[in-house]
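Next come the chains, spelled out residue by residue.
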Amino acid sequence: SRCTVDDRVTRVAWLNRSTILYAGNDKWSIDNRVVIVSNTKTQYSIKIHNVDVYDEGPYTCSVQTDNHPKTSRVHLIVQVPPQIVNISSDITVNEGSSVTLMCLAFGRPEPTVTWRHLSGKGQGFASEDEYLEITGITREQSGEYECSAVNDVAVPDVRKVKVTVNYPPYISNAKNTGASVGQKGILQCEASAVPVAEFQWFKEDTRLANGLEGVRIESKGRLSTLTFFNVSEKDYGNYTCVATNKLGNTNASIILYGPGAVHDGGNAASRAAAGLCLWAALFTCLLLDF
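Residues numbered from 1 in each chain as written. Predicted model: local features only at pLDDT ≥ 70, side-chain atom pairs only at ≥ 80, totals over all residues. Heavy atoms only, no water.

**With respect to the overall build of the protein chain**
Assigned secondary structure in the protein chain consists of one helix and 24 strands. Within the protein chain, the proportion of its 290 residues that are buried is 33%. Relative to all contacts within the protein chain whose residues are 6 or more apart in sequence, the contacts with residues 24 or more apart total 58%. (Helix = DSSP H or I, 4+ residues; strand = E, 2+ residues; numbered from the N terminus. Buried < 20%, exposed > 50% of the residue type's maximum accessible area, 1.4 Å probe, protein only. Contact = heavy atoms within 4.5 Å.)

**Examining the confidence of the model for the protein chain**
Predicted confidence across the protein chain gives a mean pLDDT of 84, with 87% of residues reaching 70 or more. Residue range residues 264-290 is modelled with pLDDT below 50. Its contacts to residues more than four positions away, or to other chains, number three contacts. (pLDDT = per-residue confidence, 0-100.)

**Considering the pairing of strand S16 (residues 157-173)**
The sheet contact formed by strand S10 (residues 91-94) and S16 spans four bridges and is parallel. Following the sheet pairing, Ile91 is matched in S16 by Val163. Adjacent in sequence and paired antiparallel, strand S15 (residues 143-150) and S16 are bridged by six residues. In the sheet, S16 pairs with strand S18 (residues 185-194) via four bridges, with the strands oriented antiparallel. Opposite Tyr170, over in S18, you have Ser192 as the bridge partner. (Pairing = 2+ DSSP bridges.)

**Quick look at the packing of aromatic side chains**
Here the structure, examined in full by the defined rule, presents one aromatic pair. Ring centres 5.4 Å apart and planes at 65 degrees place the aromatic pair Phe228 and Tyr239 in the edge-to-face group. Of this pair, Phe228 sits in strand S22 (residues 223-228) while Tyr239 sits in strand S23 (residues 237-245); the two residues are eleven residues apart in sequence, bridging distant segments of the chain. Here Phe228 and Tyr239 have matching classes, each one buried. Arg139 extends its terminal NZ or CZ atom over the ring of Tyr167, reaching a point 4.0 Å from the ring centre. (Phe/Tyr/Trp six-rings, centres within 6.5 Å; stacked < 30°, edge-to-face > 60°. Lys NZ or Arg CZ within 6 Å of the ring centre and 35° of its normal.)

This is the structure in structure tokens:
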């Protein structure tokens, strides 16, 4: 802080509120951050090193001129970059639960705090508040959430929280497959789940084991495969894939069929449509007869 003086000044002092920091060249403050910079016929200045928020406030330069005291006041405003001082830890919850994320930040001016969901869909801002509340969380709301604290002093402070949403298995892909006798046949079962599902394969009520009767079961991540190395007539039929995690289980029926076999619902739908057309044609013929 600078204070301009002239030849008529006989005494000078700097005060912080009512506390004397310097009187002339004599230091009254015990704070070693406060030093005198200049005490000349034209200028009386002090400097405060490593300023913090507690230094904010009024500073007064007091001068004595011909036995008439005069004062000059300056108000020190301390700006502080935004800093996130407390944020929620990574969390794992079951689908349908309620979640509250917290992000507390400090700065001067008071920073603006926002939450953003970092998803592939780019959902953008989730909350313009220190607290983000999610009621009945869904699997689509899992992932990373970014908290950002912003003021005009410096770059934003940014932290992330990972939210994992557990949900029971859902079999997303299980197709019937055809294979000729003597050839290799592969049945595939794909299931989404968090935690990752464990798979089991059954034929009727019998659980299949890896390596027995010329079959191999491989499960990795979301996909499980049942491989027949040398398909025989007895291998044809209905198989059940069961996907399980700690939240539940689900199953799907998959058919291994031979050449020319009618095997899926799509064909059944086609047959139903063809039958409908046939009835429509017969009905038209009957009308013409009348």
